[in-house]
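# Reading the structure
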Amino acid sequence: MSLTSIYLRNLSQIFLFYSEKSFLGKLHPSTKAVLMFAGIAIAFICNKLFVLLFTLATFLLMALLSVSVKRVASLITSLMIFISPMILFSYIYSIFRSMSTASLIELSISLATAIVRLLIMSLAFYIFFITTKPQSIARILSRIGIPYKYGYGFVIALRFLSVIASDLIEIL
């Protein structure tokens, strides 16, 4: 199986509602939206790697309590397939520039921080979309002032991404 098909297979499952009776599945959708935006805000604002790692562990625990380990692992696998070339090119570029050891360590810390931030944001979105019914997402968007037809269009677009990814898997 090629990396593209693994990536697309995992992508096709990301935005699908998973109706398992979990702790987060029973929460009100607005509460889950606040959790999602809090995680994204922490990922953008915080510069301390320890705080980011703690936040990542919290969201990872919430994700594991919401869905199976296999689904969370497939999300992380897809992200690593996406991130790996960027990490590789950053190191190759720094080696060709003849950077010092201290600069390489600083680069490694910066890359680790970026990866943790991306994982936090991805898990926050994943938890929200996997535990919230599409109709509830449209209702939340309607409550904050977005016309219902746009909210419904957004939900349909999310569902359509999964259909397109599934079709691409069959084609490839």
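The preceding data block contains the structure.
Note that this is a predicted model, so its numbers are computed, not measured.

For the rest of this paragraph, the subject is the packing of aromatic side chains. Overall, the coordinates contain four aromatic pairs when judged by the stated rule. With centroids separated by 5.3 Å and ring planes inclined at 70°, the aromatic side chains of phenylalanine 128 and phenylalanine 129 adopt a geometry described as edge-to-face. Each member of the pair phenylalanine 128 and phenylalanine 129 is classed as buried. Pairing tyrosine 148 with tyrosine 152 gives two aromatic rings, centres 6.3 Å apart and planes at 20°, and the pair type is stacked. Placement of both tyrosine 148 and tyrosine 152 in helix 8 (residues 148–171) is noted, with a separation of four residues, approximately one turn of the helix.

This part is about the nonpolar core. Nonpolar side chains in soluble globular proteins tend to be buried together. One finds Phe59, Ile120, Leu123 and Phe128 to be the most contacted residues of the largest nonpolar core, which totals 34 residues. Ranked by the residues each element gives to this core, the list is headed by helix 6 (residues 101–131), at 12 residues. For phenylalanine 128, the contacting residues outside a window of four places in its chain are Pro29, Lys32, Ala33, Met36, Ile137 and Ile140.

Moving on to helix 7 (residues 134–143). Of all the residues in helix 7, the buried ones are Ser136, Ile137, Ala138, Ile140 and Leu141. Once helix 7 finishes, glycine 145 follows within two positions and takes phi at roughly 105°, a positive value.

Our focus in this paragraph is a positive patch on the surface. Among the surface-exposed residues, Lys21, Lys26, Lys133, Arg139 and Arg143 lie close enough to one another that they form a single positively charged patch. Topologically, arginine 139 is positioned in helix 7.

Two elements in contact, helix 5 (residues 69–96) and helix 6, have axes whose closest approach is 11 Å; the angle formed by their N-to-C orientations is 155°. Accordingly, the angle class assigned to the pair helix 5 and helix 6 is roughly antiparallel. Viewed along their axes, helix 5 and helix 6 form a crossing whose handedness is right-handed. In contact with Arg71, Val72, Leu75, Ile76, Leu79, Met80, Ile83, Ile87, Ser90, Tyr91 and Ser94 of helix 5, helix 6 contributes Leu104, Leu107, Ser108, Leu111, Ile115, Leu118, Leu119, Ser122, Leu123, Tyr126 and Ile130. Considering only residue class, the contact of helix 5 with helix 6 consists of 17 nonpolar, four polar and one charged.

What counts as what
Residues numbered from 1 in each chain as written. Predicted model: local features only at pLDDT ≥ 70, side-chain atom pairs only at ≥ 80, totals over all residues. Heavy atoms only, no water. Phe/Tyr/Trp six-rings, centres within 6.5 Å; stacked < 30°, edge-to-face > 60°. Buried < 20%, exposed > 50% of the residue type's maximum accessible area, 1.4 Å probe, protein only. Helix = DSSP H or I, 4+ residues; strand = E, 2+ residues; numbered from the N terminus. Core = buried A, V, L, I, M, F, W, Y, C linked by side-chain atoms within 4.5 Å. Contact = heavy atoms within 4.5 Å. Patch = residues over 30% accessible without salt bridge, like charges linked within 9 Å, V, L, I, M, F, W, Y side chains within 5 Å. Areas by Shrake-Rupley, 256 points an atom, 1.4 Å probe, with all protein chains shown as cover. Salt bridge = Lys/Arg side-chain N within 4 Å of Asp/Glu carboxyl O. Lys, Arg positive; Asp, Glu negative; His and termini not counted. Charge placed at Lys NZ, Arg CZ, Asp CG, Glu CD. Axes fitted to C-alpha atoms, helices over the stretch in contact; angles between N-to-C directions. Parallel < 35°, antiparallel > 145°, perpendicular 65-115°, else oblique. Left-handed = near helix turned anticlockwise from the far one by under 90°. Nonpolar A, V, L, I, M, F, W, Y, C, P; charged D, E, K, R; others polar.

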